[in-house]
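Structural overview
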Amino acid sequence: MEGKEVRVRYAPSPTGMQHIGGVRTALFNYLFAKSQGGKFILRLEDTDRTRYDEKFVKNLYDTMAWLGIEWDEGGEKGGDFGPYVQSERFDLYKKYANELVEKGEAYYCFCDSERLERIRKIQTENNMPPGYDRNCRHLTPEEVKANLDAGKPYVIRLKVPLEGETKFHDHLLGDIVWKNEDISPDPILLKSDGFPTYHLANIVDDHLMHITHVMRAQEWIPSTPLHVQMYRSFGWEHPEFCHLPMVNGSDGKKLSKRHGATSVNEFRARGYLPQAIINYVALLGCSYEEGKDFYTLEELCKNFKLEHLNKAPAVFDYKKLEFYNGNYIRMLSDEELYKWTLPFITKTGDAALDINVSEQFPAPHVGPEYSGVALGDDGEPYCVDKSMNMSSADVKKKLMEIMPLIKERLKYLTEAAEMVHFVFTEPAVPPKENIIPKRLDEAKTKEVLTAAIDYVKALPGMSHEDAENLARSTAEKLGIKMGDFMMPIRMAVTGSRVSPPLIGSILILGVDKSIERINKTLATF
């Protein structure tokens, strides 16, 4: 393949939502192509019509767009080697299957389902290796013609060598040798309904689309000797292979729903940024620069090398991804954070995507129920509680003011809804036991809330440092720790122990409104 333009492909089957393992495969192919100045092709392998659904096709394109992975050929972009959808290429597959028959590399098989079932039963009962018994491989030309003339249904099977071995080189794993007797015996290439099997369509497409490198998960290794044999049967040069390390959960088993979110839609609905997904997934089984954690997509493209792939399975660490997500949130401008959090504040867009909910992985608290803000038909946010007397412009202004405060505390975009709610709803006065700090009693807490009124009145015009110093000195006069001074105020003003930084929250809510809430809380003591 030396000297040729690098051409790689991501060729998913639209039988389910895009998941993190598929994204890793797509991303590595994309990074390799861009690192080599080559082409990244997106192809749909939709021969499995029983599980095909148009929503999965849409999900594929939506996922690539959300991640910012742009392909060079395929989809609406087309290209010189289309169509890029297998169901639109059936005539090609039939032509090449018949070509193998003519070359003596494949044959017609007329065995019906009843006979094949009998073979399976005999093999199972006698602990024999599974697979076709090659019965029709030995039919004479006359017998074949008679069956065809009689209109007997048939499939076309590949003639796999009965002896010897198949050898191929893998960029990551080195030379791999497979005994031909261990390859699936004479697998079907073309089914009786004229549909190709995955293996035929895959090899024909890769050849005709000039794919130079096949990068896929290591679970495909058992299929590769068969694919190499098919290339040999056609007389074609096979692409170079690189079987990527598996992605496992923390228990060492293949990543699945039991470990947490695995579909990209689930990550989107649970408040992850695409930048965090890209950065973290790119590190699963691959290294780049020493001492660097954060990369743009362009930097990953520049630094990606096949020799930097790891042989060992990668472990998907949700805590590490959380670290990346929080850091990328803090890198956003206030305007960008507003754009990304608004769907979760209003439960629209990504926040409305379906997710798997369980006791271990509950639904995030998003939408007007938690934020007090909904999205109007005009696309602008509005306050659900009309008694707050806020126009849509007021809501947007307040949300923009609060973005710098919540930015430092967000690990997920989903957390924004509860963090902004105190501005757009009138919280109920919390129970006393939630207001009183562990080190204080009711009388002392009442004293704190009384002192808080003068403290809040003094805040406008103060620097943050001066406001903190005033809180500290007030706490000292009361003979308590600063945290025990701030916590009752936080509960009174926001109704929650978890909120954006208190001083900023008070100023955004307004001094009058904050004092009103403190007085309402004091009235319960």
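Coordinates for the structure precede this section.
A few points about the pairing of strand β9 (residues 240-244)
A large share of β9 lies buried, amounting to 4 of its 5 residues. When strand β8 (residues 213-217) meets β9, the two strands line up parallel, connected through 5 bridges. Along β9, the bridge assignment pairs M215 with C242. Between the parallel elements β8 and β9, the chain passes through helix α7 (residues 224-234) in a crossover that is right-handed.

Describing the sheet that holds strand β4 (residues 155-158)
Ordered in space as β3-β4-β7, the 3 strands form an open sheet in which the pairing is antiparallel. Two strands bound the open sheet, and with one partner strand each, they are β3 (106-109) and β7 (188-190). Within the sheet, the average angular offset between the axes of one strand and its neighbour, ignoring direction, is 45°. With 2 bridges connecting them, β4 and β7 associate as antiparallel partners. Across the sheet, I156 pairs through a bridge with L190, a residue of β7.

Quick word on the nonpolar core
Counting residues in hydrophobic clusters, the biggest one holds 116 residues, and the most contacted among them are L31, F304, F316, Y455, F485 and I518. The dominant element in this core, judged by the number of residues it contributes, is helix α1 (residues 20-35), at 9 residues. Among residues more than four places away in sequence, those in contact with F485 are V448, A451, Y455, A471, T474, A475, L478 and I480. Of all hydrophobic cores here, the second largest spans 25 residues; its members include Y96, I183, L226 and M230.

Here we look at the pattern of salt bridges
Pairs may arise between side chains of opposite charge once their charged atoms sit close together. Under the defined criterion, the tally for this structure stands at 34 salt bridges. Of the charged contacts in the structure, one is a salt bridge between D350 and R268, with a shortest N-O distance of 2.8 Å. With a gap of 82 residues between them, D350 in the loop between α12 (334-346) and α13 (368-371) and R268 in helix α8 (residues 264-269) connect regions that are remote in the sequence. Across this residue pair, the class does not change: D350 and R268 are buried. K319 is the salt-bridge partner of E322, the closest N and O atoms lying 3.5 Å from each other.

Thoughts on the side chain of R134
As for its position among the elements, R134 is in the loop between α4 (113-125) and α5 (141-149). Owing to a relative accessible area of 17%, R134 belongs among the buried residues under this scheme. Reaching out from R134, the side chain makes a polar contact with the side chain of D186 at a distance of 3.1 Å. Apart from the residues lying within four places of it in its own chain, the contact partners of R134 are Y107, V160, L162, P185 and D186.

Brief notes about the packing of helix α18 (residues 464-478) against helix α19 (residues 482-494)
It is the contact of α18 with α19, at a shortest axis distance of 8 Å, that shows an interaxial angle of 105°. Taken together, the axes of α18 and α19 are roughly perpendicular relative to one another. In contact with E468, A471, R472, T474, A475 and L478 of α18, α19 contributes M482, F485 and M486. Counted by class, the contact of α18 with α19 contains 6 nonpolar, 1 polar and 2 charged residues.

Some details on unusual backbone geometry
Omega for the peptide link from G82 to P83 comes to -5°, which places this bond in the cis form. Of note, the phi angle at N127 is positive, near 50°, even though the residue is not glycine. Among the structural elements, N127 can be located in the loop between α4 and α5. Accessibility expressed as a relative area gives 73% for N127, which makes it exposed. Positive phi outside glycine occurs at R134, with the angle close to 65°.

Digging into the pairing of strand β5 (residues 165-170)
Across the two faces of β5 the burial differs, with T166, F168 and D170 buried and E165, K167 and H169 not buried at all. Where β5 meets strand β6 (residues 174-179), 6 bridges bridge the pair, whose relative direction is antiparallel. Paired with T166 across the two strands is W178, which belongs to β6. If you look at the hairpin formed by β5 and β6, you'll find 3 residues sitting between the two strands.

A look at the environment of I518
When you line up the elements, I518 lands in helix α21 (residues 511-522). Relative accessible area serves as the criterion here: at 0%, I518 is assigned to the buried category. The sequence separation of I518 and M230 amounts to 288 residues, and the corresponding C-alpha distance is 77 Å. With residues up to four places along the chain from it excluded, the contact list for I518 reads L449, A452, I453, V456, I489, A492 and V493.

Quick notes on the environment of T197
Relative to the helices and strands, T197 resides in the loop between β7 and α6 (198-208). A relative accessible area of 13% places T197 in the buried class. Taking the C-alpha atoms as reference, T197 lies 22 Å from G75; in sequence the two are 122 residues apart. What T197 contacts, discounting residues up to four positions off in sequence, is I188, L189 and K191.

A word on the packing of aromatic side chains
Here the structure, examined in full by the defined rule, presents 27 aromatic pairs. Here the aromatic rings of F294 and F323 are separated by 5.8 Å at their centres, their planes lie at 40°, and the arrangement is tilted. With F294 in the loop between α9 (274-282) and α10 (297-303) and F323 in helix α11 (residues 318-331), this residue pair connects regions lying 29 residues apart in the sequence. On the basis of relative accessibility, which here comes to 37%, the residue F323 falls in the partly exposed class. Aromatic side chains F294 and Y328 sit 5.6 Å apart centroid to centroid with 75° between the ring planes, which places their arrangement in the edge-to-face category. Residue F294 is located in the loop between α9 and α10, and its partner Y328 is located in helix α11; the two are separated by 34 residues in the primary sequence. Taking the relative accessible area as the measure of exposure, Y328 reaches 9% and is therefore buried. An aromatic cluster of three or more residues is present, and its members are F267, Y272, Y280, F294, F316, Y318, F323, Y324, Y328 and Y412.

Conventions we followed
Within each chain, residue numbers correspond to sequence positions counted from 1 in written order. Local features are withheld for residues below a pLDDT of 70 in this predicted model, meaning they are given only at 70 or higher, and side-chain atom pairs are given and counted only at 80 or more; totals for whole chains, interfaces and linings count all residues. Calculated side-chain values reflect all of the structure's heavy atoms, with hydrogen atoms and water omitted. Remark: exposure states derive from per-residue accessible area (1.4 Å probe, protein chains only) relative to the maximum for the residue type, with buried under 20%, exposed over 50%, and partly exposed in between. Only runs of H or I of at least four residues qualify as helices and only runs of E of at least two qualify as strands under DSSP, and these elements are numbered from the N terminus. Strand pairing follows a simple DSSP-based rule, namely that at least 2 bridges must link the two strands. Here, the term right-handed applies to a crossover whose path from the first strand over the helix to the second runs clockwise when the strands point away from the viewer. Working convention: axes come from line fits to C-alpha atoms, limited for helices to the stretch in contact. Angles between N-to-C directions cover 0 to 180 degrees. What we call a nonpolar core is a set of buried Ala, Val, Leu, Ile, Met, Phe, Trp, Tyr and Cys residues that are connected through their side-chain atoms within 4.5 Å. For this analysis, residues touch if any pair of their heavy atoms sits within 4.5 Å. Counted as salt bridges are all cases of a side-chain nitrogen of Lys or Arg within 4 Å of a carboxyl oxygen of Asp or Glu. We define a polar contact as two N or O atoms separated by no more than 3.5 Å, with the added condition that, inside protein, one atom must be a possible hydrogen donor and the other a possible acceptor, whereas residues neighbouring each other in sequence contribute only through side-chain atom pairs. Working definition: roughly parallel below 35 degrees, roughly antiparallel above 145 degrees, roughly perpendicular at 65 to 115 degrees, and oblique for all remaining angles. Residue classes follow a fixed rule: Ala, Val, Leu, Ile, Met, Phe, Trp, Tyr, Cys and Pro count as nonpolar, while Asp, Glu, Lys and Arg count as charged, and any other residue, Gly among them, counts as polar. Pairing of aromatic side chains requires ring centres within 6.5 Å, counting the rings of Phe and Tyr and the six-membered ring of Trp. Pairs whose planes differ by under 30 degrees are stacked, by over 60 edge-to-face, and all others tilted.

By themselves, these are just geometric observations and shouldn't be taken as functional.
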